[in-house]
Amino acid sequence: MPKLLKYAPGLTVVLMVGPLLAGLLGTVLPAFGYLPALGGGQASLAAWRALFAQPGLLISVRLSATTGLLATAISFGVVMLFCAAWQGTRAFDLMQRVLAPILSVPHAAAAFGIAFLIAPSGWIVRVFAALGGWDRPADIVTVQDGWGLALVAGLVAKEVPFLFLMTLGALPQADGERTRHVALTLGYGRVAGWFKTVLPRIYPQIKLPVFAVLAYSASVVDVAMILAPTTPAPLAVRILHWLSDPDLSMRFMASAAALVQLGVVVGLIALWWGFEKLVARFGRGWAEAGGRYRCEGSVRALGAVAALIAAGMVLLGIAGLAVWSIAGFWRFPDMLPGQWSVKLWLRELPALGDDVINTVVIGGAAVVLAIILVVACLEREQRNAATSRPGRGALWLIYVPLLMPQISFMFGLQVFFTFLGLERTLVSVVLAHLVFVLPYVFLSLADPFRALDPRYRQTALCLGASPDRVFWRVILPLLTRPVLAAIAVGFAVSVGQYLPTLLIGAGRFATLTTDAVALAAGNDRRMIGIYGVLQTVLPFVGFGIAMLVPAILFCRRRGMRRDI
Amino acid sequence: MPRLTARLMAAAIFGASLMGFSSLASADPAPDMQNWDAVLKQAKGQTVYWYAWGGEPRINDYIAWAGNQMQEKYGVTVKQVKLADTADAVSKVVSEKAAGVADGGAVDMIWINGENFAAMKRNGLLFGPWVEQTPHFKYVDVIGKPTTINDFTVPTAGLEAPWGMAQLSFFDDTSRVKTPPRSAQALLAWLQTHPGRFTYPQPPDYMGSSFLKQVLTEVVDDPAVLQKPAGDADAQKVLAPLWTYLAKMQPLLWRDGNAYPANGAALRAMMADNEIDIGFSFSAAEVSAAIANFELPDSVRSFVFDGGTLGNTSFVAIPFNASAKAGAVVLADFLMSPQAQLRKQDPKIWGSFTVLDMDKIPPADREKFDALDLGVATLSPADMGKVLPEPHPSWMELVEREWQKRYGVAP
């Protein structure tokens, strides 16, 4: 096994680097005028001139940046506040229980559900409309507001559970519970004690997920198409429109815009990183100053309310979709449909067998590959930790797919797999999914893996166990929870892939998501409801397993239970 | 030594798995269009991957039916690749051209029209000409329905086969609108007394752009200039009446014109939510179907403008590198047959009007067309009124660009 491990980082980079370089080149070259298939044979800056002449370009860029930053800051703040205020309580347990269903709802379905909640003709208004006897919704903007606040709300609702999951994985490594107790004993308030002692140990572990949230929020397309303003839209959405323009020459400009998008994301991460350094600097003084902050009732309430709203939006949203899926005619301002019908379910369900099989096979294969590669890379890194820090530099490459709009990436990826003669094969679809799954698996697992107390390994080695035996008997069991969480996250990411499945698979592999997205174009809420619910089921099984298995495995191991 | 064996085995497994999963089709010679029997023979056993918008279950069901018929009649397997956007199919073909795939491509047929067709034709991405040599093309009404050979004024040149007629029609909730406005000017006047109760999808969405084209065709001084490329005329002057019209309309739109629905289908949901009173679509049958489907209240009815509304044709085309060209040609021909066209026009199935000439098809088939029950909310082809021709695509590009400048950035 040590021999095989040696190849792990190399293999990972090889599997990722081809598609990545292809994806990048497929964006960079057209941005500078090179795309012979469409008659672009020479380097030119025409695409950039066209881009900067686009009306409202700066507003789009600003919108992407502000909504991305705001959504990340709020999500991070809510999760930290909630953990600080409620760790070790029943409210905390309860939140863990509803986590799986919330995480399983696909982003677009959640966004659609939230849009139906907050629209002027939506569920919330209908409560008042029914009381007040209005039959006509107010003509005001809530969804698609100019500031992008609806988009921020939609993103926060989905990113809070993700960051919460990542934090749960990190807490045991950071020894959060004991640290918290010590702080309490020293007379610190619950929240202040947590922020002063636990946060500094948790943050390094969830930093990468936070960056991923930032990158995702600033470049999201599907959620933005439902909730973001359109006059103008955020940059990523406009890139999608330009790439889909019948005028094929628009693709040059779209590629240039994709590079701007990349710049926006990198800039935001740099900004966040700088802010983090600043906070670390001043926070140290604050922590050392010794303020106990015992009066914290309102802060704790705020943490609970914020978490509740985030969770409630997704749950109510998916409930709304479920109701729509069996609704007959449903007019404003009725709270519930006047008629019910399962006609559409009966029509759709029988045809879904192949979709489900394809979804599970592709997602399963991609996530198994991803977890093996990631664990192997990390294990090798740990074993060589004493002598060198290899591979880390090259491994940064795997985050590139998270930093770029997927749509701009797809063109190069298609050309790459077509060159290899692999396009339209299951292998290529799985490899294409791997490009997007592996980064999430890596960032879910890397920090907890690296944060594992090295003394476990050293002790086991000193007791005479071989490195392999240490890995199987000590390291892996200790990391069961984050490994399973990483698998579940990876699987959910794979289930949600639309463009890679459609374009690399050339339509040969219909999945729940390819059908769902195609049908969503018809804008029938009943169909969107059906597929939104169906798309939620598979990841739910994944997350459910990831949470149940450790609970069963560790029910007799007090030290491995999460809340102890 | 054992290590080497292990490596060889791994390589062999990897290679075998590639072979096993690889389904790349071999080159398919261009079918000999002069010899239909040879085309049929070549088509037999082929699988046609048809890239088609998949947003409407009724349409997907129709395509599945056509696939079953093709299997029975000609031994051709048809698989629909459901798309959210036709641009994805175009993108696929472009990426294959970039990778040098001159045959054995992934896309065998695309449901297409308008700007997408113009772009693919211009970039040499289509196979053909082949349409006029197919047996059923002789039934197509190329005189009475000139859009069957001129796609948004661009000559189809035998590169795409017509398979359905579309005409812009409006719909209103008769419980809320007493007398529907029957012209662009009347719509504006109605909006002045009912502010916020109408909108159009945001251009460059197909339906939103179509609405602008409808208005343009009505308010322009001389509609004939729109049939020629925009470069030939003083575009600013031609478009001026459109901008005057929109300057009055924009502040009266739903959400004061600060937000727009994403696409035409969204208008139906907005009707049910009582957000708007008047919507529009390219398929009059859609209204009856949507009522049956619980998407619209049963008080909704279709209407058209007195001066006529825009009409166009949707087509199927075959990419230059398709793997099953013969199969695709036979499928396209079947789609133009009276049997397939009749089923397509049946509102219980789809409700898309036929491209065929009722005087050319066999009398028995004609009787079946006459006997179709079109449903309560659907206008018959005779009541659809005058069909206005689509402007040349260059006008649309101009209008979309200028619209983006004027209204794409909220003040």
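Values in this document were obtained by computation on a predicted structure and should not be read as measured data.

> Any chance you could explain the overall build of chain A here in plain terms?
Regarding its fold elements, chain A presents 25 helices and two strands. Residues counted as buried form 55% of the 564 residues belonging to chain A.

> Before we go on, may I ask you to explain the overall build of chain B in this structure?
What chain B contains, in helices and strands, is 14 helices and eleven strands. Since a compact globule built from 411 residues should have a radius of gyration of about 22 Å, the 24 Å found for chain B is in line with a globular shape. Taking the principal axes of the C-alpha coordinates as reference, chain B spans close to 85 × 60 × 45 Å. Sorting the 411 residues of chain B into buried and exposed places 55% on the buried side. Partitioning the contacts of chain B with sequence separation of at least 6, the portion at a separation of at least 24 is 81%.

> Would you explain helix H24 (residues 512-520) of chain A in this entry?
An α-helix turns once per 3.6 residues; consequently, residues spaced three or four apart project the same way. With respect to burial, H24(A) is a largely interior element, nine of its nine residues being buried. Those residues of H24(A) hidden inside the fold are in contact with helix H15 (353-383), helix H22 (480-495), helix H23 (499-504) and helix H25 (525-553) of chain A together with strand E2 (77-83) of chain B.

> What's the story with the confidence of the model for chain A in this structure? I'm lost.
Do not read the predicted coordinates in detail wherever pLDDT is low. Averaged over every residue, the pLDDT of chain A is 88; the share at 70 or more is 97%. The secondary-structure element of chain A with the lowest mean pLDDT is helix H16 (residues 392-395) of chain A, recorded at 61, while helix H3 (residues 57-86) of chain A shows the highest, at 96.

> Just checking my understanding: could you explain the environment of A:Thr185 for this structure?
All names here are of chain A. Mapped onto the elements, Thr185 comes out in helix H8 (residues 176-185). A tally of 9 C-beta atoms within 10 Å means that Thr185 is categorised as exposed. Spatially, the C-alpha atoms of Thr185 and Asp247 are 68 Å apart, while their sequence positions differ by 62 residues.

> How should the interface of chain A and chain B be read in this particular structure?
It is common to give the size of an interface as the accessible area that goes away when the parts come together. Opposite the 59 residues of chain A that make contact, chain B presents 59 residues. Mapped by element, the contributors of at least two residues to the side of chain A that touches chain B are helix H18 (406-419), helix H19 (426-451), H23, H24 and H25 of chain A. Residue contributions to the side of chain A that touches chain B peak at six residues, all from H24(A). Of the residues assigned to the side of chain A that touches chain B, the class counts are 31 nonpolar, 18 polar and ten charged.

> Which parts of the structure should I look at to understand the pairing of strand E3 (residues 109-112) of chain B?
For a regular strand, side chains alternate in direction, first toward one face of the sheet and then toward the other. Residue and element names in this part refer to chain B. Residue alternation in E3 divides its side chains into two sets, Met109 and Trp111 and Ile110 and Ile112, and both sets are buried. Here strand E1 (residues 47-53) pairs with E3 via two bridges, running parallel. Opposite Tyr51, over in E3, you have Ile110 as the bridge partner. The pairing of E3 with strand E10 (residues 309-317) spans three bridges and is classified as antiparallel. Opposite Ile112, over in E10, you have Phe315 as the bridge partner.

> How should the sheet that holds strand E8 (residues 278-281) of chain B be read in this particular structure?
What links the strands of a sheet is backbone hydrogen bonding, and the strands pair in either a parallel or an antiparallel sense. Residue and element names in this part refer to chain B. The antiparallel open sheet is built from three strands, whose spatial order is E8-E7-E9. The two strands at the open ends of the sheet, each matched to only one other strand, are E8 and strand E9 (300-303). Each adjacent strand pair in this sheet contributes to an overall mean axis angle of 30 degrees, direction not counted. Packing against the sheet, helix H9 (residues 264-272) makes contact with strand E7 (169-173), E8 and E9, and its axis sits at approximately 150 degrees to E8.

> When you look at the packing of helix H5 (residues 107-118) of chain A against helix H13 (residues 297-325) of chain A in this model, what are you seeing that I'm missing?
The geometry of a pair of packed helices is captured by two quantities: the angle between their axes and the separation between those axes. Residue and element names in this part refer to chain A. The N-to-C vectors of H5 and H13 enclose an angle of 90 degrees; their axes lie 8 Å apart at closest approach. With respect to each other, H5 and H13 are oriented roughly perpendicular. Here Ala109, Ala110, Phe112, Gly113, Ile114, Phe116 and Leu117 of H5 lie close against H13, whose contacting residues are Met313, Val314, Leu316, Gly317, Ile318, Gly320 and Leu321. Of the residues in the contact of H5 with H13, the class split is eleven nonpolar, three polar and no charged.

> Looking at this model, I keep getting lost on the domain arrangement of chain B. Mind explaining?
Residues and elements named next belong to chain B. Domain boundaries assigned for chain B yield domain 1 (27-165 + 312-377) and domain 2 (169-303 + 388-407). Computed from C-alpha atoms alone, the centre-to-centre distance between domain 1 and domain 2 is 28 Å. The interface is formed by 17 residues belonging to domain 1 together with 16 residues belonging to domain 2. Counting residues per element, the side of domain 1 that touches domain 2 draws most heavily on helix H5 (residues 114-122), which supplies three residues. Among the residues making up the side of domain 1 that touches domain 2, the classes are represented as seven nonpolar, eight polar and two charged.

> Before we go on, may I ask you to explain the pairing of E2(B) in this structure?
Residues and elements named next belong to chain B. Most of E2 sits inside the fold, with five of its seven residues counted as buried. Bridge count between E1 and E2: seven bridges; the pairing is parallel. Paired with Trp53 across the two strands is Leu83, which belongs to E2. Traced from E1 through helix H3 (residues 57-74) to E2, the parallel crossover comes out right-handed.

> Quick question: what am I supposed to make of the confidence of the model for chain B here?
Residue and element names in this part refer to chain B. The pLDDT averaged across chain B works out to 89; a share of 93% of its residues lies at or above 70. Per-residue pLDDT, averaged within each element of chain B, yields its smallest value for helix H1 (residues 2-21) (40) and its largest for helix H11 (residues 325-335) (97). Per-residue pLDDT stays below 50 along residues 1-25; that stretch engages in 15 contacts with residues further than four places along the chain or on separate chains. Model confidence for the complex is summarised by a pTM of 0.89, with the ipTM given as 0.85.

> Is there a simple way to think about unusual backbone geometry in this case?
With the exception of glycine, the majority of residues adopt a negative phi angle, and the majority of peptide bonds are in the trans configuration. Here the bond from A:Phe332 into A:Pro333 is cis, since omega is 0 degrees, no more than 30 degrees from zero. Mapped onto the elements, A:Pro333 comes out in the loop between H13 and helix H14 (343-348). Residues B:Pro203 and B:Pro204 are joined by a peptide bond in cis, for which omega reads 10 degrees. Along the chain, the position of B:Pro204 falls in the loop between helix H6 (184-193) and helix H7 (206-219).

> Looking at this structure, how should I read the packing of helix H20 (residues 454-462) of chain A against helix H21 (residues 467-478) of chain A?
All names here are of chain A. In contact at an axis separation of 10 Å, H20 and H21 are set at 155 degrees when each is read in the N-to-C sense. Between H20 and H21, the angle falls in the class roughly antiparallel. You can see that H20 and H21 cross each other, and the crossing is right-handed. Of the residues in H21, those touching H20 at Tyr456, Arg457, Ala460 and Leu461 are Val470, Val474, Ile475 and Leu478. When grouped by side-chain class, the residues that make up the contact of H20 with H21 number seven nonpolar, no polar and one charged.

> I tried to follow the domain arrangement of chain A on my own but got confused; where do I start?
All names here are of chain A. Looking at the assigned domains, one finds that chain A contains domain 1 (1-44 + 342-564) and domain 2 (70-229 + 289-340). Look at where the C-alpha atoms of domain 1 and domain 2 centre, and you get two points 25 Å apart. Taken together, the contact pairs 35 residues of domain 1 with 36 residues of domain 2. It is H25 that provides the largest number of residues to the side of domain 1 that touches domain 2, a total of 14 residues.

> Would you explain the environment of B:Ala157 in this entry?
The topology assignment puts B:Ala157 in the loop between strand E5 (154-155) and strand E6 (160-167). What makes B:Ala157 partly exposed here is the crowd of 15 C-beta atoms within 10 Å.

About the criteria used
Residues numbered from 1 in each chain as written. Chains lettered and ligands numbered in written order. Predicted model: local features only at pLDDT ≥ 70, side-chain atom pairs only at ≥ 80, totals over all residues. Helix = DSSP H or I, 4+ residues; strand = E, 2+ residues; numbered from the N terminus. Buried ≥ 20, exposed ≤ 12 C-beta atoms within 10 Å, placed from the backbone. Rg over C-alpha atoms; globule rule 2.2 N^0.38 Å. Contact = placed C-beta atoms within 7 Å. pLDDT = per-residue confidence, 0-100. Nonpolar A, V, L, I, M, F, W, Y, C, P; charged D, E, K, R; others polar. Pairing = 2+ DSSP bridges. Axes fitted to C-alpha atoms, helices over the stretch in contact; angles between N-to-C directions. Parallel < 35°, antiparallel > 145°, perpendicular 65-115°, else oblique. Domains from an automatic or database assignment. Right-handed = clockwise from strand over helix to strand, strands pointing away. Left-handed = near helix turned anticlockwise from the far one by under 90°.

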